[in-house]
Amino acid sequence: MIVRPSADSVLASAQAAAKKGPPPVHLWNPPFCGDLDIRIARDGTWFYLGTPIGRPGMVRLFSSILKKEDGRYYLVTPVEKVGIRVDDAPFVAVDFEGEGTGRDQVLTFVTQVGDRAVAGPDHPIRVARDASGAPAPYILIRSNLEALIDRKSFYRLADLGCHGDHGNESWFGVWSSGRFFPMIRSAELPQDPG
């Protein structure tokens, strides 16, 4: 008899693992058990069977056992690994705090599930372009899991930005933890007609 994975079995395993502290997902390599109809939308909303998961605690628990391997996303417990779909990034950085200025600035981001990451060498910021050509900024949260930086936070980042050298070009970007993160080439910025 083949046992299909279920959200309940994954949730029960995650709850048991969480009692011992943050789940050591990086150490777990159970067999693949199939896919679950769980999807993380671009805005960070988690869906199960097409319906938003309305319990924040459940979403936080599921997010704690999230893993990315070979471009695919999984919920992993010590005994099972199930595939899920992610529209863009699994997390959304919904806010950040800044301390200091210029090269001494430190930016700490928080996600929709409460993860915190200090932008720096271990948690780099990168800016890609989405399908429309608009900037799509991300910060690495843990392992190889990123958060899309929401629009309001990106605008606030731009207010803190300055010009700096990156490679052989001048870029507009932000500093955090002694590292410069380029956002857009200075030459691409609109010129002030005044």
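This text goes with the structure placed above it.
Residues numbered from 1 in each chain as written. Predicted model: local features only at pLDDT ≥ 70, side-chain atom pairs only at ≥ 80, totals over all residues. Heavy atoms only, no water.

### A closer look at the sheet that holds strand 9 (residues 116–118)
Spatially, six strands are ordered 9-8-7-12-11-10 in an open sheet, and the strand pairing comes out mixed. For this open sheet the edge positions go to strand 9 and strand 10 (125–129), each flanked by a neighbour on one side alone. Across this sheet, the average inter-strand angle for adjacent strands is 40 degrees, counted without regard to direction. Alignment of strand 7 (residues 91–99) against strand 12 (residues 145–149), held across three bridges, turns out to be parallel. Of the residues in strand 12, the one forming a bridge with A93 is I149. Across the sheet, helix 3 (residues 151–160) lies against strand 7, strand 8 (106–111), strand 10, strand 11 (135–142) and strand 12, angled at about 30 degrees from strand 7, the strand it touches most. (Pairing = 2+ DSSP bridges. Helix = DSSP H or I, 4+ residues; strand = E, 2+ residues; numbered from the N terminus. Axes fitted to C-alpha atoms, helices over the stretch in contact; angles between N-to-C directions. Contact = heavy atoms within 4.5 Å.)

### A few points about the pattern of salt bridges
Scanning all chains against the criterion turns up 12 salt bridges. Its salt-bridge partner being E146, residue R126 comes within 2.8 Å of it at the nearest N-O pair. With R126 in strand 10 and E146 in strand 12, this residue pair connects regions lying 20 residues apart in the sequence. Among the residues examined, R126 registers a relative accessible area of 38% and is labelled partly exposed. Each of the salt bridges in this network shares a partner with another, and the network as a whole consists of K67, E69 and K81. (Salt bridge = Lys/Arg side-chain N within 4 Å of Asp/Glu carboxyl O. Buried < 20%, exposed > 50% of the residue type's maximum accessible area, 1.4 Å probe, protein only.)

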